[in-house]
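Chain by chain, the residues:
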Amino acid sequence: YHTIFHESTSILHAADQFRASDHISAEEIERIRRDLRALTPAEPFYRTRLVLAVFPGRLEEFDFFARALFKTDASRPSGYIGRLTRSADLQKELSYQHTWAQRDYLTGLLSRQAFEAKTQELIRHPDCAPFTLLLLNIEDYKAVRAEKGHDAGDGLLRAAAAEIRSRLRGTD
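The shown structure was predicted, so the numbers you read here are calculated from the model rather than taken from an experiment. (Residues numbered from 1 in each chain as written. Predicted model: local features only at pLDDT ≥ 70, side-chain atom pairs only at ≥ 80, totals over all residues. Heavy atoms only, no water.)

S.K.: How should the overall build of the chain be read in this particular structure?
M.R.: Counting its regular elements, the chain contains 6 helices and 4 strands. With 172 residues in all, the chain has 26% of them scored as buried. A separation threshold of at least 6 residues defines the contact pool for the chain, and within that pool the share at least 24 residues apart is 42%. Total accessible area on the chain is roughly 12,600 Å²; 55% of this is exposed by carbon and sulfur atoms. (Helix = DSSP H or I, 4+ residues; strand = E, 2+ residues; numbered from the N terminus. Buried < 20%, exposed > 50% of the residue type's maximum accessible area, 1.4 Å probe, protein only. Contact = heavy atoms within 4.5 Å. Areas by Shrake-Rupley, 256 points an atom, 1.4 Å probe, with all protein chains shown as cover.)

S.K.: Is there a simple way to explain a nonpolar patch on the surface in this structure?
M.R.: Taken together, the side chains of Leu110, Phe115, Leu122, Ile123, Phe131, Leu133 and Leu135 present a nonpolar region at the surface, about 640 Å² in accessible area. Mapped onto the elements, Leu133 comes out in the loop between helix 4 (112–124) and helix 5 (141–148). (Patch = residues over 30% accessible without salt bridge, like charges linked within 9 Å, V, L, I, M, F, W, Y side chains within 5 Å. Salt bridge = Lys/Arg side-chain N within 4 Å of Asp/Glu carboxyl O.)

S.K.: Please explain the packing of aromatic side chains as it appears in this structure.
M.R.: Each aromatic ring pair is specified by the distance between its two centres and by the angle formed by the two planes. The tally for this structure, following the rule as stated, stands at 1 aromatic pair. Here the aromatic rings of Tyr46 and Phe64 are separated by 6.1 Å at their centres, their planes lie at 70 degrees, and the arrangement is edge-to-face. Here the residue Tyr46 occupies a position in strand 2 (residues 45–55), and Phe64 occupies one in strand 3 (residues 58–69), the gap between them amounting to 18 residues. By relative accessible area, Phe64 is classed as buried at 4%. (Phe/Tyr/Trp six-rings, centres within 6.5 Å; stacked < 30°, edge-to-face > 60°.)

S.K.: Would you take a moment to explain the nonpolar core for this structure?
M.R.: Across soluble globular proteins, nonpolar side chains have a tendency to be buried as a group. One finds Ile32, Leu36, Leu39, Tyr46, Leu50, Leu52, Phe62, Phe64, Ala66, Ala68, Tyr80 and Leu84 forming the largest nonpolar core, which totals 12 residues. Within the residue set of this core, elements represented by two or more residues are helix 2 (26–37), strand 2, strand 3 and strand 4 (79–86). Residue contacts for Leu39: discarding those within four places in its chain leaves Pro44, Phe45, Tyr46, Ala68, Phe70, Ser75, Pro77 and Tyr80. (Core = buried A, V, L, I, M, F, W, Y, C linked by side-chain atoms within 4.5 Å.)

S.K.: Looking at this structure, how should I read the pattern of salt bridges?
M.R.: Opposite charge on two side chains makes pairing possible when the charged atoms of those side chains draw close. This model, assessed by the stated rule, comprises 7 salt bridges. Here Arg49 makes a salt bridge to Glu61, at a shortest N to O gap of 3.4 Å. Of this pair, Arg49 sits in strand 2 while Glu61 sits in strand 3; the two residues are 12 residues apart in sequence, bridging distant segments of the chain. In this structure Glu61 comes out as partly exposed when scored by relative accessible area, which is 40%. Of the charged contacts, one joins Lys118 and Glu121 as a salt bridge, the two residues approaching to 3.7 Å between their closest N and O atoms. One end of the pair is Lys118 and the other is Glu121, both in helix 4 and 3 residues apart, which spans about a single turn.

S.K.: Before we go on, may I ask you to explain the packing of helix 5 against helix 6 (residues 150–167) in this structure?
M.R.: Helix-helix packing is described using two parameters, namely the angle between the two axes and the distance between the axes. Relative orientation of the contacting elements helix 5 and helix 6 amounts to 145 degrees, with a least axis distance of 6 Å. From helix 5, Tyr141, Val144, Arg145 and Lys148 reach across to helix 6, where they touch His150, Ala152, Gly153, Asp154, Leu156 and Leu157. Here the residues of the contact of helix 5 with helix 6 sort into 5 nonpolar, 2 polar and 3 charged. (Axes fitted to C-alpha atoms, helices over the stretch in contact; angles between N-to-C directions. Nonpolar A, V, L, I, M, F, W, Y, C, P; charged D, E, K, R; others polar.)

S.K.: So what exactly am I meant to see when it comes to unusual backbone geometry here?
M.R.: Backbone phi values are negative for most residues with the exception of glycine, while trans is the configuration of most peptide bonds. Residues other than glycine seldom take positive phi values, yet Asp140 does so here, at roughly 60 degrees. With respect to the helices, strands and loops of the structure, Asp140 is situated in the loop between helix 4 and helix 5. Looking at Asp140, the relative accessible area reads 55%, which means it is exposed.

See below:
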């Protein structure tokens, strides 16, 4: 269902496919067409949630995203490009991206930005209990990378992160 499609201004190909197989009502198709025609160069993006019958008797939610395409100096869309995604899949993907936007890909520890944000949150919180901040330096890390290569340096960082994690308590 990660369908990417193109539409002329008069025919939504994906809609025709869904309607032909009774996945979506004609009223829902007309609502989407009306919404898409209302897009402007200043506001070319569209998002809606649909409930589609994926199997007889089984309904699922989908998110439909579209962008209107405009020819130079045109006020009406000349076409659209869009994506239909199962909502549950989209939520998983967004959760995954949110998690890894805050984590270092190599160690799985908080990224510097996430660490700084969390520290500021703790400092500013009015009910914050006293806490200790521990900063560590891996001696000769640059020398290890220079002498033994990037893979060895990456392995050292992963091992250090794993050791730190193994010694933390649930309240740390």
